[in-house]
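Residue-level listing of the chains:
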Amino acid sequence: MRTHSLLWAVLVFAVTVLSLPALGQEMTRFELEEQVQEEEKDTTEVNWMNDTSGVDTIEYRAVDLVYDVDKSTFNLNNSAQLKYRTATLDADTIWFDQENSVLAASGDPILRETKNPSLSGMRLKYNMKSRIGEIYYATTYQDNQQLNGMEVRRLPDQRIQIARGDFSTCNDSTHQHFYFYGRRMVVKPKETITARPVVLNIADVPVAVLPMIVAPLKSGRKSGILTPKFGGDQVQGYYMSNLGFYYAPNDYWDATVKGDIIEGEEARFERSTLTGEVRYKLRYVLEGNVSYTSYLEEFDMTNSGYDIRFSHNQNLTPDGKHTLSGSGSFVSSQSVRKDNALDAETILNQQANAQMTYSGKFGTNKSLTVKVRQDHNLVTDMMQREIPDIQYRMSGPLFNFDIDEDEEAYDDHSIASYLEKFNYSFNNRFNFYTVRAQDTVNEVDTTAKYVGYTGTYSLDYSMRVLRVINLTPRANFTGFWTGTSWRNPEDSLIYRKRYMSLDPEHDTYGEAAYNHDYSITADTKLYGIWVPEIGRFTGLRHVLSPSVSYTYAPEIDTVKTFAPHPLLGQTPYQIEQKTVGFGLNNDFDIKYLKVVGRAADTTREDGSGAVEDQYGNRRVLTTRHNVSYNFAADSLNFSDITSSFGLQILPDYMFTVNTRHSVYHKFSDDPNKVQVPELTYWGYELSRAFRWSGNFNGGLPSQMGKYEMLKWSFGFDYRYTFSSTRVAKDLFQDQISHSTSITATFQPTVNWEMSYSTQYDYNEGKFVTHRFTFNRTLHCWQLDFTWTPTGPAAGWSFAIYVRDLPDIKLNAGSTDTKQDKSSK
């Protein structure tokens, strides 16, 4: 009912030519040759049925013309044709009574009009005085839609009456596979159609009767009753779905209320639902929707569960710098989807997450983000909330010097040229965080609350030494505040207890701390180029990027009771650092000849045909290495050596291996002694998706004499993740995630399509999902069959429906969505 216009508005043409104004003296012409006005005005945009202004010209032709002067009538016989403005009427005979203003046509008349579909019938009659016209045994087509009527009458108020008519989207001219039949229909062009009674016929067999139907003919949305669906299967029993109403008051919002009545296996109607949805949209300003689904267990509203979903996007200012956006869902209980949903997608969605974010930009370097978020895991019942999370950032040059367009930039030796190299950044974050984890053993409330703030101010200076070394000194100042404190802070982490110390009524305001550090970094790039000119291999470039840094951080250990916020990265206990860090990056790129050039063609006069050499570049190998040494540490001064090695094995894919080495052998007799670096961790990930598609010769010629080309496609997704960590002197613990997904579609014939998808988990050693789908085009019908052998929604479903009217369908299925409730 929303946007489905049944397109019975094809009747608007219904005798558009039948509304001809009085023809006057133009019809007294006897010449059989064509009569054409030399300068005809463009009337394609005029409703010529009602427009009587101006001078009209009629064009007519026929093999034989008979004119009765006494009766003021004439006949056009044998291949008669009459043209008026944008309409053309062809018939075996066209008869006009000028005195009574009656026009008639017979002998398979066909009416064609520029803006409307063609109309054919057995007889046509129109009274120009009463402005009432009739067509008998009328038929019209538009796209793949056909409308037939025994009698089609047009009234002066533009309404169209149809007696004993039918409508179908089946375009089989020999035999319609289905159609709607109504004894009386009234059409208001471009508004509505009313019919009563209405009978749905499939293969000439009546299968459903409605006492009356009112359908919109307007394009776009229109309020009205939704089209209900009926069906049944072994699991759901009989059901009636989509029972409701659609309301569209204007172009900016609409609402839908509908219900699904499902009998269920035990005929207790335990899975019936009531759904309401509101959608809204104002272009360039806001867009969103809110839906509410209530799961009615045996129609008991007091014992029903709910599932709320929403989405919202809004520009608060015309420039788009201030926005409000969010999406998510809320549920009434942990198991509401698992117990009530019937589709696999809803059952598998065991996350009820929601978030709303305000984002604002101020000027060119300031931004504010305010977020509220909730994550609810329906499997573990773990609930996490951040209400609110506020972040403010600003950064840029510390000193701004305005330079007019007609002035030159500061020279390298002015004070401004040095000051403009100072940069700053200021990041703030406030967060109130609540987490609840289910304690199934002690059955106690495990809700924990954290509130805190972190602010970091950084100042750096960029300069070059000897033109090739980048030198960047930096200072960082960080302040922390938390609303929680430790009881017994001297105890170990196992025994100390966290409590909320933010209590303004008792003059306690949490804990505050700060730290600061200073660093200087020097880095450069060294280039090496080798040009061997071996075949198409024309060059190798090596980029060596060394860096060294020094960081100083004083020891800060003054706030023993400070309990850090888990999301803000608070580190009030700062260990003294006098750390030198080393980094080394290597990048190897090759240059190769993609297209070999050729000289101009001397045989051509213009000397054209020259092609220049075209070269390509590809990074084949990259390495990253980092290590540091802390002079202030009492022991274990060296950090781990972290490395990554990347090899580009395909043009758009780099395979990377990450490693970690330690010069301290943790499981040796002397773990604090510096030794040859020992591997403590390594891992890699290999994932790749491939897609292929094409056509093949079906082997059968089509009606045009050409061979039928059938489609096929194949997809292969592979993912392998490996990590290995040293857990003993000669023992590594491996973790592997290994899976493959395959999707394939295939057309055995033009009308059949088959698809298959599966996923194999190598860890479990089995296929975890299978899905077979078969689709068959049956002219105006569509047949779909889906079989899911395993998984949370295992079963099969069968549906056959009208392609243009999918609400007309027959379906059946067996889907195992029942859950084991004995463990509750």
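Residues numbered from 1 in each chain as written. Predicted model: local features only at pLDDT ≥ 70, side-chain atom pairs only at ≥ 80, totals over all residues. Heavy atoms only, no water.

Quick word on the overall build of the protein chain
Counting its secondary structure elements, the protein chain contains 3 helices and 49 strands. Taken over 824 residues, the protein chain has a buried fraction of 34%. In the protein chain, the proportion of contacts linking residues at least 24 apart, taken out of those at least 6 apart, comes to 48%. Carbon and sulfur atoms make up 54% of the accessible area of the protein chain, which totals about 48,300 Å². (Helix = DSSP H or I, 4+ residues; strand = E, 2+ residues; numbered from the N terminus. Buried < 20%, exposed > 50% of the residue type's maximum accessible area, 1.4 Å probe, protein only. Contact = heavy atoms within 4.5 Å. Areas by Shrake-Rupley, 256 points an atom, 1.4 Å probe, with all protein chains shown as cover.)

A closer look at the nonpolar core
In terms of nonpolar packing, the biggest core is built from 41 residues, with Leu76, Ile94, Ile162 and Phe178 touching the most fellow members. In this structure, Tyr295, Val336, Ala352 and Leu378 belong to the second largest nonpolar core, which totals 5 residues. (Core = buried A, V, L, I, M, F, W, Y, C linked by side-chain atoms within 4.5 Å.)

What about the environment of Glu59?
Mapped onto the secondary structure, Glu59 falls in strand β1 (residues 58-61). Between the alpha carbons of Glu59 and Lys83 there is a distance of 4.9 Å; along the sequence they are 24 residues apart.

A few points about the side chain of Ser294
Among the secondary structure elements, Ser294 is positioned in strand β21 (residues 286-297). A relative accessible area of 3% places Ser294 in the buried class. In this view, Ser294 contacts Ser272, Thr273, Leu274, Ser304, Gly305 and Tyr306; residues no more than four positions away in its chain are not counted.

Section: a nonpolar patch on the surface
On the surface, a nonpolar cluster with roughly 900 Å² of combined accessible area is contributed by Ile225, Phe245, Tyr247, Tyr252, Trp253, Val278, Leu282, Tyr284 and Val285. Here Val285 shows up in the loop between β20 (272-282) and β21. (Patch = residues over 30% accessible without salt bridge, like charges linked within 9 Å, V, L, I, M, F, W, Y side chains within 5 Å. Salt bridge = Lys/Arg side-chain N within 4 Å of Asp/Glu carboxyl O.)

Observations concerning the environment of Asp389
Turning to its location among the elements, Asp389 is positioned in strand β26 (residues 382-397). On the basis of relative accessibility, which here comes to 2%, the residue Asp389 falls in the buried class. In this structure, the C-alpha to C-alpha distance between Asp389 and Thr357, residues 32 residues apart in sequence, is 9.3 Å. At 2.8 Å, the side chain of Asp389 and the side chain of Arg429 are in polar contact. In this structure the side chain of Asp389 is engaged in a polar contact, spanning 2.6 Å, whose partner is the side chain of Asn431. (Polar contact = N/O pair within 3.5 Å; in protein donor to acceptor, adjacent residues only side chain to side chain.)

Any functional reading would require information beyond the geometric quantities listed.
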